[in-house]
Amino acid sequence: MDESQRNIIHVDMDAFYASIEMRDHPEYRHQPLVIARDPRTSGGRGVVATANYLARAAGIHSAMSAQEALERCKEAVFKQPDFTKYRAVSQQIHDIFHEVTDKIESVALDEAYLDITENKLDLDNPIEVGLFLQQKIWQETRLTSSIGISYNKFLAKEASDYRKPVGMTIIKEEDAHDFLMKLPIEKYRGVGKKTVPKMHELKVFTGADLYQLSENQLMHDFGKFGYMLYRRVRGIDDRPVEYLRERKSIGKERTYGQSLADETSVANQINFLSDLVSDTVQKQQKHGRTLVLKIRYQDFTTLTKRYTSKDFLPNDPKVFAQYANQLLEEMPDIERGVRLLGITITGLAPLDFDNISLPLFEIKGKDL
Amino acid sequence: MKFSIRRSVFIKELNNVQRAISSKTTIPILTGLKLVASDEGLTLTGSNADISIETVISASDEDNGLAIASTGAIVLPARFFSEIIKRLPEDTFELNVTEGFQTEITSGSAAFNVNGLDANNYPHLPEIDTTDAIKLDGAVFKELISQTVIAVSNQESRPILTGVHFELDADQFLAVATDSHRLSQRKVNLPTGSSTKHNVIIPGKSLIELSRMIGDEYDQVEMRLSENQALFILGETSFYTRLLEGTYPDTSRLIPSEAETTVEFEAPALLASIERASLLSHESRNNVIKLIIKPTEQTVTIFGNSPDVGKVEEDLKPNAVTGSELEISFNPDYMKDALHSFGQSTIKISFTSALRPFTLVPTEDQENFIQLITPVRTF
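Every value quoted in this text rests on a predicted model; they were computed, and no experiment measured them. (Residues numbered from 1 in each chain as written. Chains lettered and ligands numbered in written order. Predicted model: local features only at pLDDT ≥ 70, side-chain atom pairs only at ≥ 80, totals over all residues. Heavy atoms only, no water.)

## So, the overall build of chain A
The following threshold applies: In this text, helices come from DSSP runs of H or I with a minimum length of four residues, and strands from runs of E with a minimum of two, each type numbered from the N-terminal end. Relative accessibility under 20% of the residue-type maximum defines a buried residue, over 50% an exposed one, and the middle range a partly exposed one, all with a 1.4 Å probe and only protein chains included. Any two residues having at least one pair of non-hydrogen atoms within 4.5 Å are treated as being in contact.
If you tally the helices and strands in chain A, you get 13 helices and 15 strands. The buried share among the 368 residues of chain A stands at 46%. Of the contacts made within chain A by residues no fewer than 6 positions apart, 64% connect residues no fewer than 24 positions apart.

## With respect to the sheet that holds strand 13 (residues 338-346) of chain A
Residue and element names in this part refer to chain A. Stated precisely, the cut-off is as follows: Here the rule is simple: two strands pair whenever DSSP picks up at least two bridges between them. All axes are obtained by fitting lines to C-alpha atoms, using only the stretch in contact for helices, and the reported angles, taken between N-to-C directions, cover 0 to 180 degrees.
Strand order across the open sheet formed by 4 strands is 9-13-11-12, with antiparallel pairing between neighbours. Two strands lie at the open edges of the sheet, namely strand 9 (249-260) and strand 12 (302-308), each paired on one side alone. Put simply, the sheet's adjacent strands are angled 15° from each other on average, direction ignored. Pairing of strand 9 with strand 13 involves 8 bridges; the strand directions are antiparallel. Looking at strand 13, one finds that glutamate 253 is bridged to glycine 342. Contacts from helix 12 (residues 263-284) reach strand 9, strand 11 (290-297) and strand 13 within the one sheet, and its direction differs from that of strand 9 by about 155°. Contacts from helix 13 (residues 317-330) reach strand 11, strand 12 and strand 13 within the one sheet, and its direction differs from that of strand 11 by about 50°.

## Brief notes about the layout of surface pockets
All names here are of chain B. Going by this rule: Here a cavity denotes a set of grid points, spaced 1 Å apart and computed over the protein atoms alone, in which a 1.4 Å probe fits but from which it cannot get out, and a pocket denotes an open set meeting protein on both sides within 12 Å along at least five of seven lines; residues with an atom within 4 Å of a point are reported as lining. Grid points are joined across faces, edges and corners, and a volume is the space filled by probe spheres set on the points. Residues are grouped as follows: Ala, Val, Leu, Ile, Met, Phe, Trp, Tyr, Cys and Pro are nonpolar; Asp, Glu, Lys and Arg are charged; every other residue, Gly included, is polar. What fixes the domain bounds is an automatic or database domain assignment.
Put simply, the second largest pocket is a space of about 600 Å³. The wall of the second largest pocket is formed by 26 residues, among which Asp50, Glu156, Pro203, Lys205 and Arg242 lie closest to the centre. Take the lining of the second largest pocket: its biggest share by element is 5 residues, from helix 4 (residues 204-214). Grouping the amino acids of the lining of the second largest pocket by side-chain chemistry returns 10 nonpolar, 9 polar and 7 charged. Each of two domains, domain 1 (2-121) and domain 2 (134-242), supplies a minimum of three residues to the lining of the second largest pocket.

## Considering the UniProt feature "site: Substrate discrimination" (unreviewed entry) in chain A
All names here are of chain A. The line we're drawing: UniProt positions are given in the numbering used here, feature names are shortened, and annotations may be inferred rather than shown by experiment.
Feature annotation in UniProt assigns "site: Substrate discrimination" (unreviewed entry) to the following positions: Tyr17. Mapped onto the fold, tyrosine 17 is located in helix 1 (residues 16-24). Given the relative accessible area of 6%, tyrosine 17 is considered buried. Discounting chain neighbours no more than four positions away, the residues touching tyrosine 17 are Ile35, Ala49, Thr50, Phe83, Tyr86, Leu109 and Lys283.

## Some remarks on the sheet that holds strand 6 (residues 111-115) of chain A
Residues and elements named next belong to chain A. Strand order in the open sheet formed by 5 strands is 5-6-1-7-8, with mixed pairing between adjacent strands. Sheet topology places strand 5 (104-108) and strand 8 (168-170) at the edges, where each strand pairs with a single neighbour. For this sheet, the mean angle separating the axes of adjacent strands, direction not counted, is 15°. Where strand 1 (residues 8-13) and strand 6 come together, 5 bridges link them in antiparallel fashion. Following the sheet pairing, isoleucine 8 is matched in strand 6 by aspartate 115. Across the sheet, helix 4 (residues 83-100) lies against strand 1, strand 5 and strand 6, angled at about 155° from strand 5, the strand it touches most.

## Here we look at helix 12 of chain A
All names here are of chain A. Note the cut-off: Multiplying 1.5 Å by the residue count of a helix minus one yields the expected span of that helix.
Spanning 22 residues, helix 12 covers 31 Å between terminal C-alpha atoms, matching the ideal 32 Å at 1.5 Å per step. Listed as buried for helix 12 are Ser265, Val266, Ile270, Leu273, Ser274, Val277, Ser278, Thr280, Val281 and Gln284. Packed against the buried residues of helix 12 are strand 5, strand 9, strand 10 (286-287), strand 11, helix 13 and strand 13. Note on helix 12: the residue one or two positions beyond its end, glutamine 285, has a positive phi of about 55°.

## A look at unusual backbone geometry
At the junction of lysine 164 of chain A and proline 165 of chain A, the peptide bond is cis and its omega measures out at -10° in the coordinates. In this fold, proline 165 of chain A is placed in the loop between helix 6 (153-162) and strand 8. In the Ramachandran plot, aspartate 122 of chain A falls in the positive-phi region, its phi being about 55° despite a non-glycine side chain. Mapped onto the elements, aspartate 122 of chain A comes out in the loop between strand 6 and helix 5 (126-141). According to the relative accessible area criterion, aspartate 122 of chain A is exposed, its value standing at 69%. Here alanine 49 of chain B, not a glycine, exhibits a phi torsion of approximately 80°, which is positive. The topology assignment puts alanine 49 of chain B in the loop between strand 3 (41-47) and strand 4 (51-58).

## Re the packing of helix 12 of chain A against helix 13 of chain A
All names here are of chain A. Condition: Small angles under 35 degrees read as roughly parallel and large ones over 145 as roughly antiparallel, with 65 to 115 read as roughly perpendicular and the rest as oblique. By definition, turning the near helix anticlockwise from the far helix through less than a right angle yields a left-handed crossing, and turning it clockwise yields a right-handed one.
Running from N to C, helix 12 and helix 13 point in directions that differ by 135°, and their axes come no closer than 8 Å. The angle between helix 12 and helix 13 falls in the class oblique. Handedness of the helix 12/helix 13 crossing: right-handed. Residue-level contacts link Val266, Ile270, Asn271, Ser274, Asp275, Val277 and Ser278 of helix 12 to Pro317, Phe320, Ala321, Ala324, Asn325 and Leu328 of helix 13. Residue composition of the contact of helix 12 with helix 13, grouped by class: 8 nonpolar, 4 polar and 1 charged.

## Description of the confidence of the model for chain B
Quick note on the threshold: Across the chain, each position has a pLDDT score giving the predictor's confidence in that residue, from 0 to 100.
Within chain B, residue pLDDT values average 92, and 99% of them lie at 70 or more. Interface confidence for the predicted complex, expressed as ipTM, amounts to 0.78; the pTM equals 0.66.

## Considerations on the pairing of strand 12 of chain A
Residue and element names in this part refer to chain A. Where strand 11 lies against strand 12, 7 bridges are found, and the strand directions are antiparallel. Pairing of leucine 293 across the sheet is with lysine 305, part of strand 12. The hairpin formed by strand 11 and strand 12 contains 4 residues between the paired strands, and phenylalanine 300 there has a positive phi angle of roughly 70°.

## Some thoughts on the interface of chain B and chain A
Applicable threshold: Throughout, the accessible surface (probe 1.4 Å) given up by two parts as they are put together, summed over both, is called the buried area. Put simply, a salt bridge is a Lys or Arg side-chain nitrogen that is within 4 Å of an Asp or Glu carboxyl oxygen. Whenever a nitrogen or oxygen atom comes within 3.5 Å of another N or O atom, the pair is scored as a polar contact, on the condition that within protein one atom can donate a hydrogen and the other can accept it, and that pairs from neighbouring residues in sequence are kept only if both atoms are in side chains.
Taken residue by residue, the interface counts 34 residues in chain B and 28 residues in chain A. Both sides of the chain B and chain A interface together cover about 2700 Å² of buried area, and 55% of this is carbon and sulfur. Across the chain B-chain A interface, the total number found is 0 salt bridges. Our count for the contact surface shared by chain B and chain A stands at 8 residue pairs in polar contact (both at pLDDT 80 or more). Of all the secondary-structure elements, those providing two or more residues to the side of chain B that touches chain A are strand 13 (182-189), helix 6 (332-340) and strand 27 (376-378) of chain B. Ranked by the residues each element gives to the side of chain B that touches chain A, the list is headed by strand 27 of chain B, at 3 residues. Partitioned by chemical class, the residues of the side of chain B that touches chain A number 13 nonpolar, 13 polar and 8 charged.

## Details of the pairing of strand 7 (residues 92-97) of chain B
All names here are of chain B. The sheet contact formed by strand 1 (residues 2-6) and strand 7 spans 5 bridges and is antiparallel. Bridge pairing links lysine 2 to asparagine 96 in strand 7. Where strand 7 meets strand 8 (residues 102-107), 4 bridges bridge the pair, whose relative direction is antiparallel. Its bridge partner lying in strand 8, leucine 95 is registered against isoleucine 105. The hairpin turn running from strand 7 into strand 8, its antiparallel successor, is 4 residues long, and glycine 100 in that turn takes a positive phi close to 55°.

Below you can see the structure in the form of structure tokens.
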């Protein structure tokens, strides 16, 4: 198999934003730290970007509402994210990656795949490369990372997730099968809240159970994702490390089992999708000029409409929702029933500049 | 209802009223033009619910050639009706409403029959219950609009920023607009006692239409402000606009009072340079240009670049440069809009730091007109 010839490293920074804040504010080190706006001053709004391990022990995790995080842990410290700073650190880490290889696929500020099959260090042993990265990142940023090494992206990511923080896990081809058989089903990428119960219904709790299912059955029950799972559980993933890839768009869509047939529920979903898209746009540190609204009716006719702005759209869920609603007005009767809605921001560019805003609506006393 | 009128007079007023009529409206009757013939004259009304314009063609002015044969009212499809009137063959035309709102329009040998609508179904114009009429110089008011309206926001997510904030006191009229990346403020002194205190936000779109109507024609504009409507009276024409609800942010605190670096330019010369540099910045996805100011050398250099096309560098010719050295980036389009509003004057630009807003004022009159622009932070 060609695959065994690749060496892929997945680098995952440990609680990245929280670790940076703990590095810069030693007083946070022994406290549960949540990177989110403080729900007590933001009126309960805001979502957890990440949390340190102390806060995670209290059951706090990313994407949870800040309010819920506070309820789980009264003594948690809330710190508003400073993406400008995180970007700068991420850049530092990427510079280290480039000392090893230029075949880097950034997944987020704190996560990347490196194809080190050929590397600038001329090291044959991938573990030495992993050690080099982990140590150099520590020396230059005083931050810890977890490293997964394997022969494809899927396994490299599973490996980095296997032991955290400050972990290094290698999955060799001869060990992959055992590793995958023991892996709990919820650890398989893409098996989330919705899929787990379905899996349990099929009596699938581990990789070994999954392995028993035929390709046909998996595709029947899970469609395209089933096809992928069938390959993943066999350790097959031939996706290349897409180092040339630049993300052109960020979009979110949802299919509704119960069609939406009135304006209020459509408007609610537009707000929800706008929040999701805005969140990802911010995490990716991008901005875009074009917003695309996609709508699929009950009868499966699908329409898209787009709005392109002269300047980059501010990354504000309210702005996204406003344009999406404008586009929605141009869509024919939604009373027909809407089974899918999607919002995408395209024409993306890295957020390497920021037009400073006047503090028009900020709290008194707070300046630019 | 039956009347005849000189076509050129009618068309001129029709053009004005049509500014308020939109073919896209949620209230179908508003796509129509309302005509009311009374003994005094002919009243034309158009509205899009935000803006309403009403004008009266007097029967007693002989130049209008208006003869009212019988009084009455009708609503006619505006776009279609105006196309017809503009293409009629003779200098005058006659309009006659017959059974069931059928309307005959005749001019020479041409005769049209148009279906009208019941004028009783046309919404009433807002009532302005104030006697406080503020008299403004037409040209000054038009200038005030053009100088501020450039800075209004076009994003509905902050509706009040789509308007211009008017603040009136006994003898001062302050107008401010901002889209949060730039701000424009104009002060006009009024004769003492011209006004009582007012604090309103007028939609930018309304002001643009109003300004076009003022044109060169009206020396004086009368402004009446009520709780949720503003009325502007230009001769025989009344222009109504809805006001934006909400409290306008306190913008006075945003204007810096001190400067670290100042430069002076002839506005048209700087504008030409900015336009040259933006040729390239527009090709880049960031649309940013950079100024490097060196007071010791009395130089200001402008840089623009596009990774795809190339770059530009130009040494500018400032009249004066003072203070500390500075490198600052900004969106050239904001600068262009601001510079246009200064016309031929000499301007002073005051900077505090690379990440703080900077201001532009005319050197001659630093008190009454100020433009503020926020810079761009580059990573």
